[in-house]
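Letter by letter, the chains look like this.
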Amino acid sequence: MNFKILFNVVPALFLAGCAGNGGGSKDLAPYQNETLSLEERVEDALSRMTLEEKVAVLHAQSKFSSAGVPRLGIPELWCTDGPHGIRPEVLWDDWDQAGWTNDSCTAFPALTCLAATWNPEMSALYGKSIGEEARYREKDVLLGPGVNIYRTPLNGRNFEYMGEDPYLASRMVVPYVQEVQKNGVAACVKHFALNNQETNRQSVNVVVDDRALYEIYLPAFKAAVQEGGAWSVMGSYNKYKGEHCCHNQYLLNGILKRDWGFDGVVISDWGGAHDTKQAVENGLDLEFGSWTNGLDWGASNAYDNYYLAHPYLELLKKGEADEKTLDDKVRRVLRLIFRTAMNTRKPFGSLNSPEHLAAARRIAGEGMVLLKNEGGVLPLDPAATKRLLVVGENAVKMMTVGGGSSSLKVRHECLPLEGIRTAAEAAGCEVAFERGYVGDLRTEFDGVNSGQDLSETRSEEQLIADAVAAAKEADAVIFVGGLNKSRHQDSEGSDREQYGLPYAQDRVIEALSAANPRLAVVLVSGNAVAMPWLDRVPAVLEAWFSGSETGNALADVLFGKVNPSGKLPFTFPVRLEDNGAHAMGEFPGGDSVRYNESIFVGYRWHDAKAIRPLFAFGHGLSYTTFEVENVKADRMSLSAKGTLRVTADVTNTGDRAGAEVVQLYVGDEESTLPRPVKELKGFEKVMLEPGETRTVAFEITPEALSYYDDTKGEWTAEPGAFTAFVGVASDDIRGSVNFTLE
Ligand code: GLC
């Protein structure tokens, strides 16, 4: 007898016996029985829980975990940041690193890069990949994605979000949520709502009219909940209507739970809860990160003093809080636990796999935006380039470390210089590097240290002189600059203090453009910036913060292995004053901030004021060319219940394959209330071989024509004349058709 077989057979028989007839579910209590409906299981678990156990599941027990019901074998919930990758483990009760050695992850591109792909398939790939990493790391709730609208180019956290347009953000957030959750990991869409700046983020009261709230700032959250099926939503730090959004009657009980039918859990941002009664009555379900009063700030036994802990239990015992409200919260948390931690059908996930690196590289390559390309500078042919010079700190500075809660610990971050050098030298092209400027030498965040030594002794003048001297000797020059993840750059907790590039980069770029006309500027950033040197630079590429595979993806695009197809998810104004929030709104405000620009955010403002942008929303070039023509509609009028079909032919008129994003905007020619000139209502990315033509089709329904009438408190589509615009950027319309809504 082969003992190996014996050892395998006996235990299996034993286990089968223990579980009764073949492990059937008849021995399980209803709440443990996954053949029953979710609601049946929830009701059964609820009926078994004591008052203390009910309160215990409504708040954190550690930095990133909340209690289950140990007595009933209901597991605890583990949360993890962030939207771009799985945060390294921190201590039980501290932000500092736990020092694990098995928690490095894949850093996927920032969500601005994902949005810039304008490709929901990339969003699905992203959600699947990051969901697998969260699952493998045994996390139940992924604290992302973020979909706060890009109101101002100075918001420090724009890099974590999906741009200025509610329709683009809505289309791109849904697949991400769906695919994450297929791993048995909850997405936690954040930060609900109106968290559009970092200045005074814990207290600023946002004053915004209902039209902008419903038409601009809420749609992506609504899509994530109603189409994406998000199992959790994170309340934001700021206030709205004077109440903190983590316990906000209007947003949470009114819109999210009553109007949208959200059956999941509202999780506070960390430290976003401030009052027990408000937390109980205004829709908070799960409290994390509170700073308790009465005890040392954040002391480890502070969890019992959380607003939804003992103080809540006391109210319940005194009959000053009703069990009905309590049970609703507990039902929501139980649903979340059954969907995640107690879900036995979850896949097993994977971590740092070649597939995830390939996904990161593919999404990055598809999200990079070719802003300008004259004189055929790009793509560079390394085989025909003897000597290539790379200049700039962002070519050698790790960007996966820092920036706040989205900071990560990766096994390896392929930096721009490394990726460029690997690809170029393989083709016989020699690559030199010059620092060009000194930005921020810090390499540590939250205890994660990139280990880089970016120290520099040369003066600003010397650095420029050295870069210029090297540029004169090079066949081509690639400047890699932009922003970084430091305070007052692209980072959580602070906003930018200037619209222009920091660290005197403009001087370096000017000097390089004078030294060598074959210059490409690559921006590693998550926000728009001023470009006073643009007329003197033939090629500009927005490369975003692109994660673990940044360098390889950048080389793919620069050398033409990947034909860029990204489109801007937000406008680059020439000057800050050309942006609505800065021209008419308040920013950053004081105790309150008024969104006076209302619905006129981004291109909506530029269109309304006829202000030419530096680069428009939806703009992005290719190494080939496209023609969009024959824009037509299948009818001239749309009935109240009908659909109008707009088609257009897109042709690749160049000599290499590429993808174009055909965009549909709709304008209401006559409306009772002011409306934007046009608004994005459809897009499709089509990959075309040279010479190939494809017809794209868009369906317009009355819903797409409606606006939120805040005089009536409802959406309305007014009969009258409309125009459908079809183009390849918000400022590059290739055809239009007029039609009427009956
Ligand atoms: C932070 C962020 C939030 C993050 C949470 C946990 O303050 O606002 O996005 O998920 O706290 O780190």
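Residues numbered from 1 in each chain as written. Predicted model: local features only at pLDDT ≥ 70, side-chain atom pairs only at ≥ 80, totals over all residues. Heavy atoms only, no water.

### So, the overall build of the chain
Next up, step 1: A count of helices and strands for the chain gives 19 helices and 28 strands.
Next up, step 2: Relative to the globule expectation of 27 Å for 742 residues, the C-alpha radius of gyration of the chain, 27 Å, shows essentially globular dimensions.
Next up, step 3: With the principal axes as the frame, the chain shows a C-alpha extent of 75 × 70 × 60 Å.
Next up, step 4: With 742 residues in all, the chain has 62% of them scored as buried.
Next up, step 5: The contacts in the chain between residues at least 6 apart in sequence include a share of 75% that link residues at least 24 apart.
Next up, step 6: Total accessible area computed for the chain in this model is approximately 26,800 Å², and 51% of it derives from carbon and sulfur atoms. (Helix = DSSP H or I, 4+ residues; strand = E, 2+ residues; numbered from the N terminus. Rg over C-alpha atoms; globule rule 2.2 N^0.38 Å. Buried < 20%, exposed > 50% of the residue type's maximum accessible area, 1.4 Å probe, protein only. Contact = heavy atoms within 4.5 Å. Areas by Shrake-Rupley, 256 points an atom, 1.4 Å probe, with all protein chains shown as cover.)

### Remarks on empty space enclosed by the protein
Next up, step 1: If you walk through the whole model with that rule in mind, you get 5 cavities of 30 Å³ or more.
Next up, step 2: Put simply, the largest cavity is a space of about 110 Å³.
Next up, step 3: Lining the largest cavity are 16 residues, and of these Phe108, Met399, Thr400, Lys485 and Gly547 lie nearest its centre.
Next up, step 4: Counted by class, the lining of the largest cavity contains 8 nonpolar, 6 polar and 2 charged residues.
Next up, step 5: Here the lining of the largest cavity gathers at least three residues from each of two domains, domain 2 (30-339) and domain 3 (354-569). (1 Å grid on protein atoms, 1.4 Å probe; cavity = no way out; pocket = protein on both sides within 12 Å on 5 of 7 lines; lining within 4 Å. Points joined across faces, edges and corners; volume = space filled by probe spheres on them. Nonpolar A, V, L, I, M, F, W, Y, C, P; charged D, E, K, R; others polar. Domains from an automatic or database assignment.)

### Notes on the site of the ligand
Next up, step 1: Contacts to the ligand come from 15 residues, most closely from Asp81, Arg157, His191, Tyr237 and Asp269.
Next up, step 2: Here Arg87 contributes a side-chain N or O atom positioned 3.4 Å from an oxygen atom of the ligand.
Next up, step 3: Out of a free accessible area of 310 Å², the ligand has 97% covered by protein chains.
Next up, step 4: Here the ligand occupies the second largest pocket.
Next up, step 5: Each residue belonging to the shell around the ligand can be placed in one class, and the counts come to 6 nonpolar, 2 polar and 7 charged. (Near = heavy atom within 4 Å. Polar contact = N/O pair within 3.5 Å; in protein donor to acceptor, adjacent residues only side chain to side chain. Sits in = over half its atoms within 2 Å of the grid points.)

### Quick word on the packing of aromatic side chains
Next up, step 1: Here the structure, examined in full by the defined rule, presents 26 aromatic pairs.
Next up, step 2: Summarising the aromatic geometry, the rings of Tyr150 and Phe570 are spaced 4.0 Å apart at their centres and angled 10° between planes, so their arrangement reads as stacked. You can see Tyr150 sitting in the loop between β3 (141-142) and α6 (166-181) and its partner Phe570 sitting in the loop between α17 (550-558) and α18 (580-583), a full 420 residues away along the chain.
Next up, step 3: Given the relative accessible area of 3%, Tyr150 is considered buried.
Next up, step 4: Take Phe570: its relative accessible area is 0%, and that puts it in the buried class.
Next up, step 5: Ring geometry for Tyr303 and Tyr306: centres 5.3 Å apart, planes at 45°, overall tilted. Across the pair, Tyr306 and Tyr303 agree in class, each one buried.
Next up, step 6: Taken together, Trp118, Tyr167, Tyr603, Phe617, Tyr665 and Phe683 form an aromatic cluster joined through their ring pairs.
Next up, step 7: The lysine or arginine in question, Arg41, covers the ring of Phe338, its NZ or CZ lying 4.3 Å from the ring centre. (Phe/Tyr/Trp six-rings, centres within 6.5 Å; stacked < 30°, edge-to-face > 60°. Lys NZ or Arg CZ within 6 Å of the ring centre and 35° of its normal.)

### Focus: the side chain of Gln197
Next up, step 1: In this fold, Gln197 is placed in the loop between β4 (186-192) and β5 (205-207).
Next up, step 2: At a separation of 2.8 Å, a polar atom in the side chain of Gln197 contacts the main-chain carbonyl oxygen of Pro588.
Next up, step 3: Once you skip the residues sitting within four places of it in the chain, Gln197 turns out to touch Arg151, Asn155, Val204, Asp495, Phe587, Pro588 and Val593.

### Here's the deal with the domain arrangement of the chain
Next up, step 1: By the assigned domains, the chain splits into domain 1 (1-29), domain 2 (30-339), domain 3 (354-569) and domain 4 (625-741).
Next up, step 2: Here domain 2 and domain 3 have C-alpha centroids that lie 34 Å from each other.
Next up, step 3: With 51 residues of domain 2 in contact, the opposing surface of domain 3 contributes 45 residues.
Next up, step 4: Between domain 2 and domain 3, a total of about 3,700 Å² is buried, with carbon and sulfur atoms accounting for 58% of that surface.
Next up, step 5: Together, Ala107, Leu154 and Phe159 form the three largest contributors to the area buried by domain 2 at its contact with domain 3, with a combined 16%.
Next up, step 6: Among the salt bridges present, the one from Asp103 reaches Lys409, with a minimum N-O distance of 2.6 Å.
Next up, step 7: Summed over the shared surface of domain 2 and domain 3, the result is 26 residue pairs in polar contact (both at pLDDT 80 or more).
Next up, step 8: Among the secondary structure elements, those contributing two or more residues to the side of domain 2 that touches domain 3 are α4 (111-116) and α5 (120-136).
Next up, step 9: Per element, the largest residue contribution to the side of domain 2 that touches domain 3 is 6 residues, and it comes from α5.
Next up, step 10: Looking at the side of domain 2 that touches domain 3, its residues break down into 24 nonpolar, 16 polar and 11 charged. (Buried area = accessible area lost by both parts, 1.4 Å probe. Salt bridge = Lys/Arg side-chain N within 4 Å of Asp/Glu carboxyl O.)

### Focus on the pattern of salt bridges
Next up, step 1: The tally for this structure, following the rule as stated, stands at 55 salt bridges.
Next up, step 2: Here Glu323 ties to Lys54 by a salt bridge, and the two come within 3.6 Å at their closest N and O atoms. Residue Glu323 is located in helix α12 (residues 323-339), and its partner Lys54 is located in helix α3 (residues 51-56); the two are separated by 269 residues in the primary sequence.
Next up, step 3: Taking relative accessible area as the criterion, Glu323 reaches 40% and is therefore assigned partly exposed.

### Here we look at the environment of Arg421
Next up, step 1: Note on placement: Arg421 falls in helix α14 (residues 416-426).
Next up, step 2: Leaving out residues up to four positions away in the same chain, Arg421 has contacts with Ala426, Val431, Ala432 and Phe433.
Next up, step 3: A distance of 2.9 Å separates a polar atom in the side chain of Arg421 from the backbone oxygen of Val431.

### Examining the pairing of strand β12 (residues 430-434)
Next up, step 1: Where strand β11 (residues 387-391) lies against β12, 5 bridges are found, and the strand directions are parallel. Residue pairing across strands places Leu389 opposite Ala432, the latter belonging to β12.
Next up, step 2: Handedness of the β-α-β unit built from β11, α14 and β12 comes out right-handed. (Pairing = 2+ DSSP bridges. Right-handed = clockwise from strand over helix to strand, strands pointing away.)

### A few points about the packing of helix α2 (residues 38-48) against α12
Next up, step 1: Look at α2 against α12: their axes get within 9 Å of each other, and the N-to-C directions meet at 120°. One way to sum up the angle between α2 and α12 is to call them oblique. Seen from above, α2 lies across α12 with right-handed handedness. Between α2 and α12, the contacting residues are Leu38, Glu39, Arg41, Val42, Glu43, Ala45 and Leu46 on the first element and Asp327, Val330, Arg331, Leu334, Arg335, Phe338 and Arg339 on the second.
Next up, step 2: Each residue belonging to the contact of α2 with α12 can be placed in one class, and the counts come to 7 nonpolar, no polar and 7 charged. (Axes fitted to C-alpha atoms, helices over the stretch in contact; angles between N-to-C directions. Parallel < 35°, antiparallel > 145°, perpendicular 65-115°, else oblique. Left-handed = near helix turned anticlockwise from the far one by under 90°.)

### Some remarks on the pairing of strand β6 (residues 232-235)
Next up, step 1: The alternating pattern of β6 places Ser232 and Met234 on one face and Val233 and Gly235 on the opposite face, and all of these are buried.
Next up, step 2: Summarising the sheet, β4 and β6 pair through 3 bridges and their orientation is parallel. Looking across to β6, one finds that Val189 is bridged to Val233.
Next up, step 3: With 3 bridges connecting them, β6 and strand β9 (residues 265-267) associate as parallel partners. Note that in β9 the partner of Ser232 across the bridge is Val265.

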